[in-house]
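# Geometric and topological summary
If you want the building blocks of each chain, they are given just below.
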Amino acid sequence: MNSWTSLFSKSGDGMNKINMIKTLHKNQLLKCPTGIQGLDEITGGGLPLSRPTLVCGMAGCGKTLMGMEFLIRGALQYSEPGVFMAFEETAEELTQNVASLGWDLEQLTAEEKISIDYVHIDPNEIEEAGEYNLEALFIRLGCEIDTINAKRVVLDTIEVLFAGLSNTAIVRSELRRLFRWLKIKGVTAIITGEKGDNTLTRHGLEEYVSDCVIRLDQRIQDEISTRRLQIVKYRGSSHSSNEYPFLIDDRGISVLPITSVGLDHEVCTERISTGIKRLDTMLGGEGYIRGSSILMTGTAGTGKSTLAAYFAGATCSRGERCLYLAFEEAPQQILRNMRSVSLDLEPFVKQGLLQFRATRPTTYSLEMHLVQIHRWINEFKPSVVIIDPMSNLHIGGTLNQAKGFLFRLIDLLKSQQITVLFTNLTPGGSTLEHTEMGVSSLMDTWLEVRIHESNGERNRVLFVLKSRGMEHSNQVREFRLTSQGIELIDVYLGEDNVLTGTARMIQEAKEKAASLTRQQEFERQRRDLERKKTLMQSQITALQAQIEMEEEELEFMIEQEELQHSFSQQDRKTIAQLRRTDGVDREDGEVQ
């Protein structure tokens, strides 16, 4: 917000304003805040203090209302009384005209905060003879100013004063006297003037003697009316010469600064869930970044609104507020449709956490939509805003206007750390990964939902095109809407294509059957091996038994041989003794 706007926007004490003004440099142009939303911002603080400002334009563009709101805001917000001198409408008519805006002029008049003076001038009764001057007007207006100690003055409209005069010299002279007199009185004045042929005013003189000139305009394009404001001239102050859209509604005038928000807003690193666990995983495991802008694109029927509704449900589940702006469906229709995918949003509506605002794009101009969104945000204070869809917004204006609308809206939301999610309908047959308004570069996260056609089926697939500031998946996921909710399933990646739906299920069944067959073959071979091992083991056991038997037999034979040998030696000794021989035994035991 501009420093001057923040200085006076909420001040209700005139002395505070005076004290702050005294701190300014002595040569700096002092300004008088109007209190009109947006006007103080684009003028750098308001109108030139104690100087006249010309507000000009064609009939019906809002000149009288701007002057009246300037006085009422001054009286209510800055404790500055004001005088409204009307030359076309009576006090009763003016009172009735502004009553619809909630302003009670009768009470303000009774409290001497505003004085309305109707001066009837009939051009047909004016006869140009002798010297003409505005001395009587000065006396009458001066009396009104002194009576209530007015600080603000509105003259509506200036042409009536000179309607019956053809002498340009007199008109020029008296205009200069009027503007000089207003400066001498030290009042901040608005003088309204009708647009002339190829000039800002009918006389073509007022803009030259005014310190500030504001031009109001009303145009109709494609059956949609748009009001615009331009600061044509501002002595002693820098100003933009751009045209700014402005609105007149039940709260008065709202000016929409096109470049009101810079690119210096704060950023956040906090992550918030998408409401779908598998999608959170695809986005680095934690979901979106708070305060970021998210775009979901896809053709009709791909499930963009369902993804947006799940995000709204996740937001409300955290106890945060979500503002859902629907441009195609009624709130009750959205609530009904979401129940079919196991998402009940109605309890959040009753708790005041979820607020639907459903309007057609053609109900208002884009400027009116922006002001309404701004007001809804200020009143509801959501942490998440969903716009479903944004692709219809260009119906309410030109493509450039819709793009400018989105630029300003995204900047506004990011400056307040509000996460915004847009859905965008991609026309069938058009280039994918493309938005008609060309705002994808403004998005921090971009999800694409497509229809994959194969084998006579249409299946949804989802993938992340980009997601700034986080690691994210580059894989395609099959996106299914079921009575149990949203499912994100791994697709089948073949050699040459991606399979989804029934084709994926058939392929998975084939692979499962093949896997089962292999498992069965493995099991059969394992059993055969076990049988062989058992048989071999039994054979080994038999052989071991046979070897043991043969070993026992061999040992028995050795024992028998040894026993026989022992008996043989004994026998020989006995025989030798019987033969009484005295021979000597050899080493082998034989008798020599």
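Here the structure is shown first, and the text comes after it.
Everything quoted here is computed from the prediction, not taken from an experiment. Here the residue numbering is sequential within each chain, running from 1 through the sequence in written order. It should be noted that, the model being predicted, local features are given only for residues of pLDDT at least 70 and side-chain atom pairs only at 80 or more, the latter also being counted only at that level, while totals for whole chains, interfaces and linings use all residues. For side-chain calculations, the full set of non-hydrogen atoms in the structure is used, while hydrogens and water are omitted.

## Topic: unusual backbone geometry
Under the convention used in this document: A helix here means a DSSP run of H or I that spans at least four residues, while a strand means a run of E at least two residues long, and both kinds are numbered starting from the N terminus.
Note that the residue after Asp-156, namely Thr-157, is joined by a cis bond; omega there is -5°. Following the sequence through the fold, Thr-157 ends up in the loop between strand E6 (152-156) and helix H8 (168-185). The step from Asp-388 to Pro-389 runs through a cis peptide bond, and the omega angle for that step is -10°. Here Pro-389 lies in the loop between strand E17 (384-388) and helix H15 (399-415). The phi torsion at Glu-112 lies on the positive side, around 60°, for a residue other than glycine. Mapping Glu-112 onto the fold places it in the loop between helix H6 (105-110) and strand E5 (114-118).

## Regarding the nonpolar core
Heads up, the rule is: The nonpolar core is taken to be a set of buried Ala, Val, Leu, Ile, Met, Phe, Trp, Tyr and Cys residues, with the residues joined through side-chain atoms within 4.5 Å. Partly exposed residues are those whose accessible area sits between 20% and 50% of the maximum for their type, while under 20% is buried and over 50% is exposed, using a 1.4 Å probe and protein chains only. Should any heavy atoms of two residues lie within 4.5 Å, those residues are counted as being in contact.
Judged by nonpolar contacts, the single largest core of 40 residues is most densely connected at Leu-279, Tyr-288, Tyr-324, Leu-345, Leu-354 and Ile-386. Element by element, the count of residues in this core is highest for helix H11 (residues 304-317), at seven residues. If sequence neighbours within four positions are ignored, Ile-386 has contacts with Ala-308, Phe-311, Ala-312, Cys-322, Leu-323, Tyr-324, Leu-325 and Leu-421. The next biggest cluster of nonpolar side chains, apart from the first, holds 37 residues, and it includes Ile-42, Leu-65, Phe-70 and Val-255.

## Some remarks on the packing of aromatic side chains
This is how the line gets drawn: Aromatic contacts are taken between Phe, Tyr and Trp rings whose centres are within 6.5 Å, Trp giving its six-membered ring; a plane angle under 30 degrees counts as stacked, one over 60 as edge-to-face, and the others as tilted.
Counted by the stated rule, this structure contains three aromatic pairs. The interplanar angle of 10° and the centroid separation of 5.1 Å between the aromatic rings of Phe-138 and Trp-181 together place this pair among those described as stacked. Remark: Trp-181 occurs in helix H8 and Phe-138 occurs in helix H7 (residues 135-148); sequence separation between them is 43 residues. Residue classification places Trp-181 among the buried positions, given a relative accessible area of 17%. Here Tyr-288 and Phe-311 contribute two aromatic rings whose centre-to-centre distance is 5.0 Å and whose plane-to-plane angle is 85°, an arrangement assigned as edge-to-face. Taken together, the residues Tyr-288 in strand E13 (residues 288-289) and Phe-311 in helix H11 connect sequence positions 23 residues apart.

## Topic: the layout of surface pockets
The condition is simple: Cavities and pockets were defined on a 1 Å grid built from protein atoms only: a cavity is a group of points that admits a 1.4 Å probe but offers it no way out, a pocket is an open group of points flanked by protein on both sides within 12 Å along at least five of seven lines, and a lining residue is one with an atom within 4 Å of any such point. Grid points are joined across faces, edges and corners, and a volume is the space filled by probe spheres set on the points. Residue classes follow a fixed rule: Ala, Val, Leu, Ile, Met, Phe, Trp, Tyr, Cys and Pro count as nonpolar, while Asp, Glu, Lys and Arg count as charged, and any other residue, Gly among them, counts as polar.
Quantified by volume, the second largest pocket comes out at close to 330 Å³. In this structure, the second largest pocket is lined by 21 residues; those nearest its centre are Gly-301, Lys-304, Ser-305, Glu-329 and Asp-388. Where the lining of the second largest pocket is concerned, the elements lending two or more residues are H11, helix H12 (331-339) and strand E18 (419-425). By residue class, the composition of the lining of the second largest pocket is eight nonpolar, eight polar and five charged.

The analysis is restricted to geometry; functional conclusions fall outside its scope.
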